Amino acid sequence: MQKLFRGLGPAVAHTPLTEALRAGLGAVLGLGVAGLFLLSPAIDLKHGLFLVAPFGATSVLLFAVPNSPLAQPWSAVVGNTVAALVGVAVCLTVPDPALRIALAVGLAITATILCRAVHPPAGAVAMTAAMSPEVIEDLGFLFALTPIAIGTVILVALAALYARLTGRHYPFRQFDDPNRHGTQDQSPVTRLGLSEEELTAILDRYRHSFNLGVEDLARLVGAAELQAATHRTGPVTAQDIMSRNLVTVTPDTPLAEVARLFRDHRFTSLPVVGEGDRFLGVIFQMHLIIRAQEDADRLNRGLRAALKRLIDPSRDRPVQAMDVMSVAGPRATTGTPIATLLPLLADGEVDAVPVLERGRLVGIVTQTDLIATLARHSLAPATE
C-alpha cells in the first residue's frame, strides 16, 4: 500500500519558487503579446485571428520545460500546424461528432510522429478543430495558418527572447553546437567518449527520445560522472583544498594596480573586499583584458596604450576595481563539498570560487586547487 501511495506522488523534483515564477511570468507575457497580435480571444471568423485553448498548453512547454524535445520550435510549429490540417480534414469529411474527434486526435498523433514533430498540445489542436464544425466551415484549411501556425510562431519567438533575457537557452543546444568559446570541442563536462549516434541509440533503447535531447543526456551523464568522482575522493570540502593566503584588492584600487598584481602573481582572479574582509566581488583576468580592449577601441589606440591610460571618460577618473568586478558569480562556504565545486569549475564559466563565512572572505578555490586535489586522490591507491 505504501508503494502504491508513493507511486501516486509527484514524479518531478522540487522546483525553486523563482523558477516557477519565471515560467509563469513567461506564459503571461507570451500569451499576452500573442493576444495582441491575434487581436482578441473572441472568434474572428473573417480573418481567423483569435486565441485557442491549446496555446495555453504550448506555453507550459515553451516557458516551463524549454529543454524538452517536445517544446522545440520544429515540434511546436510543425506539430500544431500538421495537427490542425488533420483536424480540419477530418472535420470536413466525418459527420459523426464522437468519431470525428477521436479520429482527428488519433491521426494527428500518427502524423506528428511521422513528421518528427510530437507536441502534446497538437492533440488539443486537432480536437479543437473537430469540435468546432461551424468555425471550420467558415475558415477551412485557413485555420491551420491562422490562428494555429501564426500563433505558435509568435509564442516560439517570444519564448526564445524570454529565455535569453532570463539567462536560459532556447532552442536547446544541439550536440555539435559550438561551445562557449566558439570552438567545436564539447564542453569539459560532456566529453564522455560517446558519439552522438551512441547517445541517440541509448535514448531509443530506453524509449526516451521524446523526453530528452542528446545534448541534455550528455550533460546529465557528465554530471553523474563528476558526482561519482567525488565518491572516490571522500568527504572533501572547500575548507580542505582552498587557498588561504589571499591577495585582494579594494573597490577603489586603480585598474593599473590590478593589472600589476595579475602580472606579478600570475593569478587568473582577484577577490574584491571591503572593510573587515567582507566579500564584494571578484575580478577575473578576462575582465581586465576586455576592459583594456574596450578602451583601446574607444581611444583608437593599441592594447598597450590602453593599459597605460585606463581612464574612464564618463567619470574623468582612473578606472577602478569596482568598475569591472563581477558580483554575480558562484560562491561557496567552508563546508561546501567538492561535488558542488566540480561542475562549477569544470565547465569553464569561472576559474575560481570564493569561499565565504558570514559574508567574510576566508579563502578561494581555483581550478588549480581542484586539479591538484583530484590528482592526489587518483594517485593515492597506486602509492599505498
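Right above here is the structure, for reference.
Since this is a predicted model, take the numbers as computed values, not measurements.

Draft legend 1. Molecular detail of the overall build of the protein. The number of helices and strands found in the protein is 17 helices and 7 strands. In the protein, which comprises 384 residues, the proportion classed as buried is 40%. Intrachain contacts of the protein at a sequence separation of at least 6 include 63% that bridge at least 24 residues. Approximately 21,600 Å² of the protein is accessible, and the part contributed by carbon and sulfur atoms is 61%.

Draft legend 2. Highlighting the sheet that holds strand β7 (residues 360-366). In space, the 3 strands of this open sheet follow the order β5-β6-β7, with mixed pairing throughout. Each edge of the open sheet is held by one strand with a lone partner, namely β5 (332-333) and β7. Here 2 bridges tie β5 to strand β6 (residues 352-357), and the two strands are oriented parallel to one another. Note on β6: the bridge partner recorded for Ala332 is Val355.

Draft legend 3. A look at the pattern of salt bridges. Under the defined criterion, the tally for this structure stands at 6 salt bridges. In this structure, the salt-bridge partner of Glu257 is Arg260, at a minimum N-O distance of 2.6 Å. Placement of both Glu257 and Arg260 in helix α12 (residues 255-265) is noted, with a separation of 3 residues, approximately one turn of the helix. The class for Arg260 is partly exposed, based on a relative accessible area of 31%. Within this structure, Glu257, Arg260, Arg263 and Asp264 form a network of salt bridges that share partners.

Draft legend 4. Seen up close, the packing of helix α2 (residues 17-37) against helix α8 (residues 142-165). Contact geometry of α2 with α8 gives a least axis separation of 9 Å together with a crossing angle of 140°. The orientation of α2 relative to α8 falls into the category oblique. In this structure, the crossing between α2 and α8 has a hand that is right-handed. Judged by residue contacts, Arg22, Leu25, Gly26, Leu29, Gly30, Leu31, Val33, Ala34 and Phe37 of α2 engage Ile154, Leu155, Leu158 and Tyr162 from α8. Each residue belonging to the contact of α2 with α8 can be placed in one class, and the counts come to 10 nonpolar, 2 polar and 1 charged.

Draft legend 5. Representation of the environment of Gly329 within the structure. Tracing the sequence through the fold places Gly329 in the loop between α15 (321-324) and β5. In this structure, the C-alpha to C-alpha distance between Gly329 and Gly281, residues 48 residues apart in sequence, is 8.1 Å.

Draft legend 6. The nonpolar core, seen in detail. Leu62, Phe143 and Ile148 are the most contacted members of the largest nonpolar core, which totals 43 residues. With 10 residues, α8 is the single largest residue contributor to this core. Beyond its immediate chain neighbours, meaning those up to four positions away, Leu62 contacts Ala71, Ala76, Leu155, Val156, Ala159 and Tyr170. Membership of the second largest hydrophobic core comes to 22 residues, among which are Val236, Phe279, Leu342 and Val350.

Draft legend 7. Focus on the side chain of Thr253. One can find Thr253 in the loop between α11 (238-241) and α12. Look at Thr253 and you get buried, because its relative accessible area is 10%. The residues contacting Thr253, other than those within four sequence positions of it, are Val258, Val319, Gln320 and Ala321.

Cut-offs applied
Residues numbered from 1 in each chain as written. Predicted model: local features only at pLDDT ≥ 70, side-chain atom pairs only at ≥ 80, totals over all residues. Heavy atoms only, no water. Helix = DSSP H or I, 4+ residues; strand = E, 2+ residues; numbered from the N terminus. Buried < 20%, exposed > 50% of the residue type's maximum accessible area, 1.4 Å probe, protein only. Contact = heavy atoms within 4.5 Å. Areas by Shrake-Rupley, 256 points an atom, 1.4 Å probe, with all protein chains shown as cover. Pairing = 2+ DSSP bridges. Salt bridge = Lys/Arg side-chain N within 4 Å of Asp/Glu carboxyl O. Axes fitted to C-alpha atoms, helices over the stretch in contact; angles between N-to-C directions. Parallel < 35°, antiparallel > 145°, perpendicular 65-115°, else oblique. Left-handed = near helix turned anticlockwise from the far one by under 90°. Nonpolar A, V, L, I, M, F, W, Y, C, P; charged D, E, K, R; others polar. Core = buried A, V, L, I, M, F, W, Y, C linked by side-chain atoms within 4.5 Å.

Everything listed here is a matter of geometry and, on its own, says nothing about what the molecule does.
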